[in-house]
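Per-entry structural report
Residues per chain are reported as follows:
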Amino acid sequence: MTPPSTLPPRGARAPRRGASSEDQTSGEGEPSRGFGGIGDARAYTPRGRTVREGDQRTRSPRAGRNSEVRPALQVLDGGRPAPERRRDAEEDLPPQRRGRNDGDAETTRGRNRRGTDDAGSRRTGRGRDAAPGGETARGGKQSARERETGDGEAGGRDRSTRTGRTADRGRVQAGRGEPTRTTAGAGRGRPTANPRRVSTGRTEAGRDRRTPGPRRAGGTRPGAAPPRIGDRRPKPAVPAEPPRLANSAKRLRLGTVLAMALFVMIGVRLVVLQVMDSPAAAQSLLEQRKNRLTEVVLAAPRGSILDRSGAVLAHSVEARYVYADPELVKDPVQAATQLSPLLGVPKSELVRLMAKKKRPGGGASRFEFLARGVDIAVADKIEKLNLAGIGSRRDERRDVPGADLAANLIGFTGEDHTGLEGIEARYDELLRGTNGLKVYETGRGDLAKEIPGGYRRETPAAPGSSLQLTIDRDLQFEVQRYLSQRMEKINATVAGAVVLDVQTGEVLAQASYPPYNAQKPRDFMPKEREDAVSSVISDPGSTHKAFTIGAAMQEGLIDKNSDIVVGKGMRLGGKLFTDTHPFPSGTKLSIPQVLAYSSNVGSIRIGQKLGKEKLYEYQQKFGLGRPTNEGMPGEASGRLLHPDEWSGSAWGSVPIGHSVDATLLQMAAGYGAIANDGVYIQPHLIKATISGRDGTVTPAAPPETHRVLDAQVARDLREMMEAVVDSKGATGTAAKVEGYRVSGKTGTGSLLVDGQYTNHNAGSFIGMAPAEKPRFVVGVFADVPNGTGGVIAAPAFSKMMGSALLHYRVPPSGTKPPTFRWKE
């Protein structure tokens, strides 16, 4: 059956994908050698055949049909392979020069053509060949041009438009006498799932209807016009090269270079600013900055002063401070006129503070305190005045809830919260903490507010630590009350009282008369604000006799059964020393009697046995001649007469407590050694410190202790001192405490003021209870025009000791007072 004329000859190839319709066939129906697309690049190899062709020589036809191996790629230069460029160059040469190269080039072109024809045959098997009736494998209509190209001989049209390259291929084949070959399976194809690759070599029934057309010996088909040597087919259009993707490595390198350049520029600029600029320019920058900055002091919260149970004795409460910015105050005189009545500050002082001025470090002053510790209500009134450059901020004011309670101990602070007297002054650095500072940038004129996002630096304030005292607030109140009542009654000029814990040396109460209100300290004279217990000096008088007798007992010179010969008096160094209770010459007194009657002659006799060196030694052991360092500022040290300084009369004055200067606190601490079985414990006011940052409680350092007397000597001495309170006719009978055994000693001396003794009497009483095992030592003294210690101080002692024993619930004495050997 003759195949339809619309089918291409068996030896023809299907149109190549990517090639123009004009270049598909030559004038004889032979496929052109031109490269028009990627398909031709895949079909070409340097050896003249494709990978697929070489593979089919060793594989079966079925394997060849099913193979999906893609041909090797060839890099195109200018859209055409290198051999074609050489052929084009030869065609442009004259005939005489081109012929010389034909013999050498025909062999190479023959091999290349065979490979190209074979590749074309394979593409024909799976390409877009036209189906019968002019339809493609997709079922669409073929264009007329495609039918003409695939029809070869049936077309009968002149193919003279084919290029000279087709004629050359024919001459090479004719010269070699070698017909064009088609590889096995190249003419057959099979349908695939891809409609663009459906084979066109089969009919609907599956039979191959294509028949190879007759071929001439020269390699061209019959009826084809001879090619012209000068003709050239147009070069196929080269598709635009797609844009290349960006190189990430190059971008990274570029970014690194830019970043390094930026940092180098910044570094160079910093060097220029810091090193190369002139000092004048730097100073100008600093001045500009200072003019824009405002500094505000952030006051550190001051620590509190607490009693032993944590009750507040003094603390800081919220208040306000009023300040001025001199640069913004428009009329200082008018502002001062309005503020003076509210702040209680003289108008002239306010005008001075609000005047424009320079700060010590340079720049205009932008902050001045006008008043501190202002009540919140007053500050609110000032804010309502809306004065330019005047404002108020949060502040603190020192508050003493008890007013005069322990005021002589606590002291007070100034307007800037600096301690000026008392514990407030002694521990000011610990209590005040560290102020903070806020520096920020402000605008000018009416916009003199903090600039959001501008320069701002804030150093937070570190709060101060609190002090916990050994003082018992309740006992302190009672002691102050009894002291004031008694001293007002006897018309005392100055007085003091102290209560010590025998076992620990803690000061449980320490009062002074007259009291003062720590809330208004400036309403009182400095002398009225003194702590009489630790700062007022007097000669202790007969209270010193206990030290003289205790030292002689410790040295074994006397004991509780010893007798001392007394008389009407004795003259030493030209001075006569007598007793208040005179005895006939040659009278013998026991040691309890010497204490009970406060015999000067008997004490001088014991002092003479002890010697001045030993007496001086024991005076120091009992704590005289140096401050106790209990914690109060300005504590007086007292004074002792060194043995080298003794005169003839010193043998009589020193043993009985004259020519000796001491405070009540020193004498009470010495009596504490007698009460504590001979062990001296340093008195102290500070129990612990409490950190303002984290609340950590740090106990105070343990007090200094040392032994003065043996325990038995101390007990014997305490027992003999009970005679002062219990014996008939003794000097201290007013010091009795109901239900308790009390031992103590009265004393009468003179107050020392500015190095001179006054003509007043400084009466005192120092005692302990319960005498069998003392818990407290109480000392009281007062300066009065007339009177003795037994009359002045003993009654106050009795009430204070009874209050302390009751407050701490000390059981009454369970034994009776001792019976003394009493000589008539």
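Refer to the structure above for everything that follows.
No experiment lies behind these values; they were computed from the predicted model shown. (Residues numbered from 1 in each chain as written. Predicted model: local features only at pLDDT ≥ 70, side-chain atom pairs only at ≥ 80, totals over all residues. Heavy atoms only, no water.)

**Regarding the sheet that holds strand E13 (residues 494-501)**
Across a sheet, paired strands are connected by hydrogen bonds in the backbone, their directions being either parallel or antiparallel. A sheet is described by the order of its strands in space; here five strands give the open sequence E14-E13-E27-E26-E23, paired in antiparallel fashion. The open sheet has two edge strands with one neighbour each: strand E14 (507-513) and strand E23 (743-749). Put simply, the sheet's adjacent strands are angled 5° from each other on average, direction ignored. Direction of pairing for E13 relative to strand E27 (residues 776-784): antiparallel, over a ladder of eight bridges. In the sheet register, Gly496 faces E27, and the bridge partner there is Phe781. In the packing of helix H24 (residues 711-721) onto the sheet, contacts are made with E23 and strand E26 (761-769), and the angle to E23 comes to roughly 70°. (Pairing = 2+ DSSP bridges. Helix = DSSP H or I, 4+ residues; strand = E, 2+ residues; numbered from the N terminus. Axes fitted to C-alpha atoms, helices over the stretch in contact; angles between N-to-C directions. Contact = heavy atoms within 4.5 Å.)

**Quick look at the sheet that holds strand E3 (residues 293-298)**
Spatial ordering of the open sheet is given by E3-E10-E11, a layout of three strands whose pairing is antiparallel. Bordering the open sheet on either side are E3 and strand E11 (456-459), each of which pairs with just one other strand. Between one strand axis and the next, the sheet turns through 15° on average, direction left out of account. Strand direction decides the pairing type here: strand E10 (residues 436-441) and E11, joined by four bridges, are antiparallel. Note that in E11 the partner of Lys438 across the bridge is Glu458.

**Quick notes on the nonpolar core**
Among the nonpolar cores identified, the biggest contains 86 residues, and Ile549, Tyr671, Ile674, Leu717 and Val777 are the most heavily contacted of them. Residue contributions to this core peak at nine residues, all from helix H23 (residues 664-675). Setting aside chain neighbours within four positions, we find Leu717 in contact with Ala546, Ile549, Gly550, Met553, Leu595, Ile674 and Leu709. Listed in part, the 35 residues of the second largest apolar core include Leu508, Val742, Ala782 and Met801. (Core = buried A, V, L, I, M, F, W, Y, C linked by side-chain atoms within 4.5 Å. Buried < 20%, exposed > 50% of the residue type's maximum accessible area, 1.4 Å probe, protein only.)

**Focus: the packing of H23 against H24**
The relative placement of two packed helices comes down to the angle between their axes together with the axis-to-axis distance. One way to put it is that H23 packs onto H24 with a least axis distance of 8 Å and a crossing angle of 110°. The orientation of H23 with respect to H24, classified from their angle, is roughly perpendicular. From H23, Tyr671, Ile674 and Ala675 reach across to H24, where they touch Ala714, Leu717, Arg718 and Met721. Here the residues of the contact of H23 with H24 sort into six nonpolar, no polar and one charged. (Parallel < 35°, antiparallel > 145°, perpendicular 65-115°, else oblique. Nonpolar A, V, L, I, M, F, W, Y, C, P; charged D, E, K, R; others polar.)

**Focus: the packing of helix H18 (residues 545-554) against helix H20 (residues 600-610)**
Closest axis-to-axis distance for the H18/H20 pair is 9 Å, and the angle between their directions is 40°. If you check the angle between H18 and H20, you find them oblique. Here H18 runs over H20; the crossing is left-handed. Residues Lys545, Thr548, Ile549, Ala551 and Ala552 of H18 touch H20, and the partners they reach there are Asn600, Ser603, Ile606, Gly607 and Leu610. (Left-handed = near helix turned anticlockwise from the far one by under 90°.)

**With respect to unusual backbone geometry**
The amide bond that connects Tyr513 to the next residue, Pro514, takes the cis arrangement and shows omega of 0°. Assignment of secondary structure puts Pro514 in the loop between E14 and helix H17 (532-535). Backbone geometry at Asn629 places phi at a positive 60°, although glycine is not the residue there. Positive phi values are uncommon outside glycine, yet Arg809 reaches one of about 55°. Along the chain, Arg809 turns up in the segment after helix H27 (794-807).

**With respect to the pattern of salt bridges**
As enumerated under the stated definition, the model contains 23 salt bridges in all. Between Asp375 and Arg397 there is a salt bridge, with the nearest N and O atoms lying 2.8 Å from each other. Of this pair, Asp375 sits in the loop between strand E6 (368-374) and helix H12 (376-385) while Arg397 sits in strand E7 (residues 390-399), placing them 22 residues apart in sequence. Of the residues examined, Asp375 reaches a relative accessible area of 41% and is grouped as partly exposed. Between Arg715 and Asp677 there is a salt bridge, with its nearest N and O atoms 3.9 Å apart. Note that Arg715 is positioned in helix H24 and Asp677 in the loop between H23 and strand E19 (679-681), a separation of 38 residues in sequence. Counted as one network, the salt bridges with shared partners bring together Arg302, Arg398, Glu424, Asp428 and Arg432. (Salt bridge = Lys/Arg side-chain N within 4 Å of Asp/Glu carboxyl O.)

**Digging into empty space enclosed by the protein**
Left-over empty space is what a probe sized like a water molecule reveals as it rolls over the atoms. According to the stated counting rule, one finds 12 cavities of 30 Å³ or more in the structure shown. Counted as a void, the largest cavity has a volume near 130 Å³. If you list the elements that add at least two residues to the lining of the largest cavity, you get H23 and E26. No other element matches E26, which puts four residues into the lining of the largest cavity. Class assignment of the residues belonging to the lining of the largest cavity gives a composition of nine nonpolar, five polar and one charged. (1 Å grid on protein atoms, 1.4 Å probe; cavity = no way out; pocket = protein on both sides within 12 Å on 5 of 7 lines; lining within 4 Å. Points joined across faces, edges and corners; volume = space filled by probe spheres on them.)

Interpretation note: all reported values are geometric properties and have no functional meaning in isolation.
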